[in-house]
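Results of the structural survey
Below, each chain spelled out in residue letters.
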Amino acid sequence: MDVDVVVIGMGPGGEEVAGSLAAAGLSVVGIENNLVGGECPYWGCIPSKAMVRAGDVLAEGRRVPRFAGSADIEASWAPVAGRVREVTSAWDDGAAAERFTGKGGRLVRGAGRITGPKEVTVGDEVFRARRGVVIATGTAPAVPPIDGLEGTPYWTNREAIEAETLPESLAVLGGGAIGCELAQVFARFGTRVTILEAGPRLLSLEEPESGELLRATFENEGIDVRVNAKAERVRHDGDGFVINDDLRAERFLVAVGRRTNLAGLGLGTVGLDESARFVEVDDRMRAADGVWAVGDVTGKGAFTHVAVYQGRVATRDILGEDGPGADYQALPRVTFTDPEIGAVGLTERQARERYADVRVHTTDLANNSRGWLHRAEGFLKLIESEGRLVGATSAGPMGGEILGALAVAVHGEVPVERLRQMIYAFPTFHRAIDAALL
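Residues numbered from 1 in each chain as written. Predicted model: local features only at pLDDT ≥ 70, side-chain atom pairs only at ≥ 80, totals over all residues. Heavy atoms only, no water.

- The protein chain appears in an unreviewed UniProt entry as Pyridine nucleotide-disulfide oxidoreductase from Actinoallomurus iriomotensis.
- In its Sequence similarities (unreviewed entry) section, UniProt records this for the protein chain: "Belongs to the class-I pyridine nucleotide-disulfide oxidoreductase family." (UniProt positions renumbered as here; feature names shortened; annotations may be inferred.)

Right, here's the structure in full:
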């Protein structure tokens, strides 16, 4: 069957490309082997933030005695599980599928494989694309080869999100964003939680101060944080998991990152490396003649906002429209813990590796009027080079929202001196930007 474009994978990036091209009048086939929408709306961003929100409400209730009198707080997991089912439509992608087909696209269920230049096969169907093929197959949870793990009922983020009941205890392998967010949620609802992080700190890809802040917060909330700790062996018995012979937990959550699986896509037929970790793309998301790739498979960041952004770049290129190429200098990322960790651009270490001229501006959120009023813990850290911000971290209440102003500054290459001359509303958290610069 001849079509204009075939999109393999209908996660956020693939859905963006396929839907936009179909709306533009092209003949588009979208291929999906699981749920249209991908990980984010069913096991990632959306349901996890529903859980985070519930945990935050509990935490706020427990702060009442410090601010406003007294309150009796009783946690219940049932409303959380119900809310997760609601926001995921009980893991039904009917609305998402209709959103695409309503624009004129054709949805094909199954695993797509490139079988020749601009040719994709799904089962017994062969699609020949006049313009080309878009690879948007995403990632899956990475599971390390731990002795004894295979065959046990361990959790990944998917099982954690789908949990109908609370475990009494939970061991979390991995101190990255997913592990930290879920660890705090379950702990706030009464689960005894232990985090095992192989590196020296939580959130190892972010500023050291971010990991230190979270560790202190977690330990104050009763979470056992173990850094420089690996899971070398695991066994499962009738009472749960035993990790390294000394840690017992009812459930074991593996949250050590994400992995691509390019081996079955037939990339070799178009001259691409099937054994590669990621699909290499240029700034127009082109991977080869008539082949584009967007989302996690490109290795530019496993974030929904990156996938959608890349999808828009690829869409313009496929349609022959003008527009800027992909630019990741102001890539924002947020860990939705409490305190919330927002970051954009380079860390201090990355900046010092890249630039000779680096200045660092910091301020403690407790010295900010709004932070003091909230009795908040957190900080603002700004990384300057050659008179412009090249990176920033906003850690504290609504850290991801405050990050918005900093992302604009990094993206727009706003001179730091210009930021110093701004008028910052008082009393706000974002006024900490002014304090840091001064």
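**Re the UniProt feature "binding site: FAD" (unreviewed entry) in the protein chain**
- The positions UniProt marks with the feature "binding site: FAD" (unreviewed entry) are K49, G112 and D296. Of the residues just listed, which span 248 residues, the most distant C-alpha pair is 31.1 Å apart, and they do not cluster in one region. In this structure, the second largest pocket is lined, among the annotated residues mentioned, by K49.
- With respect to the element layout, K49 can be found in helix α3 (residues 45-62).
- Those residues in contact with K49, other than ones at most four positions away along the chain, are E181 and F336.
- In this structure the side chain of K49 is engaged in a polar contact, spanning 2.7 Å, whose partner is the side chain of S48.
- As for its position among the elements, G112 is in the loop between β3 (106-109) and β4 (113-116).
- When its relative accessible area of 9% is taken as the criterion, G112 is described as buried.
- Those residues in contact with G112 that sit more than four places away from it in its chain are I8, I31, V120, T121, V122 and L265. (1 Å grid on protein atoms, 1.4 Å probe; cavity = no way out; pocket = protein on both sides within 12 Å on 5 of 7 lines; lining within 4 Å. Helix = DSSP H or I, 4+ residues; strand = E, 2+ residues; numbered from the N terminus. Contact = heavy atoms within 4.5 Å. Polar contact = N/O pair within 3.5 Å; in protein donor to acceptor, adjacent residues only side chain to side chain. Buried < 20%, exposed > 50% of the residue type's maximum accessible area, 1.4 Å probe, protein only.)

**As for empty space enclosed by the protein**
- Applying the stated criterion across every chain, the model contains two cavities of 30 Å³ or more.
- Counted as a void, the largest cavity has a volume near 40 Å³.
- L365, F379, L380, S394, A395, I402, F429, H430, A432 and I433 together form the lining of the largest cavity.
- Residue assignment for the lining of the largest cavity shows that the elements contributing at least two residues are β21 (379-385), β22 (388-396) and α15 (432-437).
- Here the second largest cavity defines a volume of roughly 30 Å³. (Points joined across faces, edges and corners; volume = space filled by probe spheres on them.)

**Some details on the layout of surface pockets**
- Its volume calculated, the second largest pocket comes out at about 1000 Å³.
- Around the second largest pocket, the lining comprises 29 residues; the ones closest to its centre are A59, E60, R63, R188 and D338.
- Counting only elements with at least two residues in the lining of the second largest pocket, the list comes to α3, α4 (64-67), α8 (177-188) and α9 (208-220).
- The leading source of residues in the lining of the second largest pocket is α3, at seven residues.

**Describing the nonpolar core**
- By size, the foremost hydrophobic cluster in this structure holds 49 residues, and its most contacted members are V6 and V279.
- If near-sequence neighbours (up to four positions away) are discounted, V279 is found in contact with L262, L267, L272, A287, A293, V297 and T298.
- Core analysis: the second largest hydrophobic core is formed by 36 residues, F186, A187, L203 and L213 among them. (Core = buried A, V, L, I, M, F, W, Y, C linked by side-chain atoms within 4.5 Å.)

**Digging into the packing of α3 against α8**
- In the contact formed by α3 and α8, the axes pass within 9 Å of each other and the chain directions differ by 45°. The angle between the axes of α3 and α8 places the two elements in the oblique class. Considering the relative orientation of α3 and α8, their crossing is left-handed. In contact with S48, K49, M51, V52, G55, D56, L58, A59 and R62 of α3, α8 contributes E181, L182, V185, F186 and R188.
- In terms of residue class, the contact of α3 with α8 is made up of seven nonpolar, two polar and five charged. (Axes fitted to C-alpha atoms, helices over the stretch in contact; angles between N-to-C directions. Parallel < 35°, antiparallel > 145°, perpendicular 65-115°, else oblique. Left-handed = near helix turned anticlockwise from the far one by under 90°. Nonpolar A, V, L, I, M, F, W, Y, C, P; charged D, E, K, R; others polar.)

**A short note on the sheet that holds strand β13 (residues 247-249)**
- What the three strands build is an open sheet, ordered β11-β12-β13; its pairing is antiparallel. Of all strands in the sheet, those bounded by a partner on one side alone are β11 (234-237) and β13. Going across the sheet, the axis of each strand differs from the next one's by a mean of 20°, ignoring polarity.
- Where strand β12 (residues 240-243) lies against β13, three bridges are found, and the strand directions are antiparallel. Across the sheet, the residue bridging to V242 is R248, located in β13. (Pairing = 2+ DSSP bridges.)

**What to know about the sheet that holds strand β18 (residues 332-335)**
- In space, the five strands of this open sheet follow the order β18-β19-β22-β21-β20, with antiparallel pairing throughout. The sheet terminates laterally at β18 and β20 (359-364), the two strands that pair on one side only. Averaged over neighbouring strand pairs, the angle between their axes works out to 10° when direction is ignored.

**Looking at the packing of aromatic side chains**
- As enumerated under the stated definition, the model contains six aromatic pairs in all.
- Judged by centre distance (5.9 Å) and plane angle (55°), the ring pair of Y42 and W43 falls under tilted. By the burial criterion, Y42 is buried, and W43 matches it.
- On the numbers, 5.8 Å between centres and 50° between planes, the contact of F241 with F252 is tilted. In this pair, F241 sits in strand β12 while F252 sits in strand β14 (residues 251-254), placing the two residues eleven residues apart along the sequence. Comparing F241 with F252, the two get one shared label, buried.
- Joined through ring pairs, the aromatic side chains of W77, W155, F186 and F189 make up one cluster.
- Above the face of the W43 ring, R158 is positioned so that its terminal group lies 3.6 Å from the ring centre.
- Above the face of the F67 ring, R375 is positioned so that its terminal group lies 5.1 Å from the ring centre. (Phe/Tyr/Trp six-rings, centres within 6.5 Å; stacked < 30°, edge-to-face > 60°. Lys NZ or Arg CZ within 6 Å of the ring centre and 35° of its normal.)

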